[in-house]
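# Coordinate analysis (summary)
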Amino acid sequence: MVRMGRLTKRADFTTVYGKGRSWANYWVVLRAFPNAMGTPRYGIVVSKRLGKAVMRNRIKRRMREGIRQLTPKGGWDMVFIARGPAAGANYHRLKGAMCELVTRARLFRLSAPGEGEP
RNA sequence: UCAGUGGGCCGGGUGGCCGCGGGCCCGCGAAAGGCCCGAGGAAAGUCCGAGCUCCACCAGGCGGGAUGCUGGGUAACCCCCAGGAGGGGCGACCCUACGGAAAGUGCCACAGAAACAUACCGCCAGCGUUGGCUUGGCCAGCUAAGAUUUAGUUGGGUCUAGCCUGCCGGUAAGGGUGAAAUGGUGAGGCAAGAGCUCACCAGCGGUGGGGUGACCCACCGGCUGGGCAAACCCCAUCCGGAGCAAGACCAAAUAGAAGGGCUAUAGGUGCCUGGCCUACCCUUGGGUUGGUCGCUGGAGGUGGCGGGCAACCGCCAUCCUAGAUAGAUGGUCACCGCUUUGGGCUGGGUAACUGGCCUAGGGUACAGAACUCGGCUUAUAGGUCCACUGGGGUC
RNA sequence: GGACCCGUGGUGUAGCGGCCUAACAUGCGGCCCUGUCAAGGCCGAGAUCGCCGGUUCGAAUCCGGUCGGGUCCG
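The present account deals with the structure reproduced in this document. All of these numbers come straight from a predicted model, not from anything done at the bench.

### A word on the pattern of salt bridges
Applying the stated criterion across every chain, the model contains three salt bridges. Salt-bridge contacts for D77 lead to R41; the nearest nitrogen and oxygen are separated by 3.0 Å. One end of the pair, D77, is in strand β4 (residues 76-82); the other, R41, is in strand β3 (residues 41-46), and 36 residues separate them in sequence. Accessibility assignment for this pair places D77 and R41 in one class, buried. In this structure, the salt-bridge partner of E65 is R68, at a minimum N-O distance of 2.5 Å. Of this pair, E65 and R68 both sit in helix α2 (residues 53-69), three residues apart, which is roughly one turn of that helix. For E65, a relative accessible area of 27% gives the class partly exposed.

Rules and cut-offs
Residues numbered from 1 in each chain as written. Chains lettered and ligands numbered in written order. Predicted model: local features only at pLDDT ≥ 70, side-chain atom pairs only at ≥ 80, totals over all residues. Heavy atoms only, no water. Salt bridge = Lys/Arg side-chain N within 4 Å of Asp/Glu carboxyl O. Helix = DSSP H or I, 4+ residues; strand = E, 2+ residues; numbered from the N terminus. Buried < 20%, exposed > 50% of the residue type's maximum accessible area, 1.4 Å probe, protein only.

Below, the structure written as structure tokens:
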């Protein structure tokens, strides 16, 4: 994931948290809010409650890989928050959970249909 | 072969597809392309010690902290090595906050005579003494037989012996306790006892010898009075404080905001003093909360030679080996290792036992650099190597 | 990343090395009071003092280690 496509500042996270809508399932919470730059940006939150540093880094790497496989439409800031059961989920289950949330939020690009199924 | 002790090392591999960070080259370019590099033994806990940066600087004191057998190593250390002492183990070997209780203060609950000052109970009876009782002798009086005398009885004013009580004295052996009781055991000795004497052991002091030293060995001497300093403390040695969110620079931004103190006044990183420095300082409120540097080549790794018992040190050669910043070093699939459980086939051996192949299933740890090193501590599936100890068997 | 603080009944706090078999408040259970509830009164239960070692005759307390919570920084 290129630097431009990431949420890096505390303020960006606060904005998405405060003003954005949210969707959730058993593993992941998605919060999203439109931005002004026309390209999507992503953020990942893994709480310290999910494990030690090795476990948290593994979850973040799997979620980054999941985001890389998605092609949503631009102009939105999205924050994926891992919930407790995500610590025990493998990559495919996490990707499926993230795809489901993006589909429900109708953030997939219209020109690339059929990306919904994991 | 079984059980164990000490030390070292490894801690998955190969391939496909899709990706990430950094450096260099080529580009106008953070684009595309090419080449190279990219987690650990603990990266962890942040428990010690340093480098580095800032606090303007210097000196002294107070306060505080740390260490604590000896000698070395090191930049330094609560680290490491070697040795001593004490303790544990049959042994290889292991463990130890291991200075001082004759500098002072404090504490030692309950129990106990008593917890550190010597009293109490008890034991002894040589000498003196108060009172009482008993036995025997002596003396005096009375009564009976009556010649001195004998017997009985009364009285102690006298002596002796014993007992009780009190004072004085000799003792520290004994005193159900307690975690701990004034050296221990045995023998002699004594009025009773006691290192009072003797033998052995433990402790103390002295002399001589060995060792750099902790300490050890030998001889001699007199005779010995508790524990706790991870209680305050004393002694010796060491330590200024904070920490890379240290700190420096660039850009942007609010506002020239309010209050207070101003020539010995304010400030100067725990406090005080002195020198000295700054001229403005302090408090409140507000703004920025972006980028670059610090940032990775270092008490560095590997090999050889030399010194040293060792830790380690010196010289030479050679190598460059992570630098992220919502935080890279991966995701996924397949196969193979390793290990373990069950089943089947099979080899060696009389047997106990031991090996090979196939198949089904399980497991494959602890854990992620964040300024950098040296240590310590803690976590860790499994595997492997070396040296050694004890028991059993065979030759 | 760094610097610190705290662990004692369900909860919030006390607690001189021996009087600790651990105190107080609140909460909990039962009884009394009341027509009923609250308040009040009486009684009771509830703690391996986070865990593991060490010092001491003796540890909640002193000293190490470890685990779990929490706070602060520019």
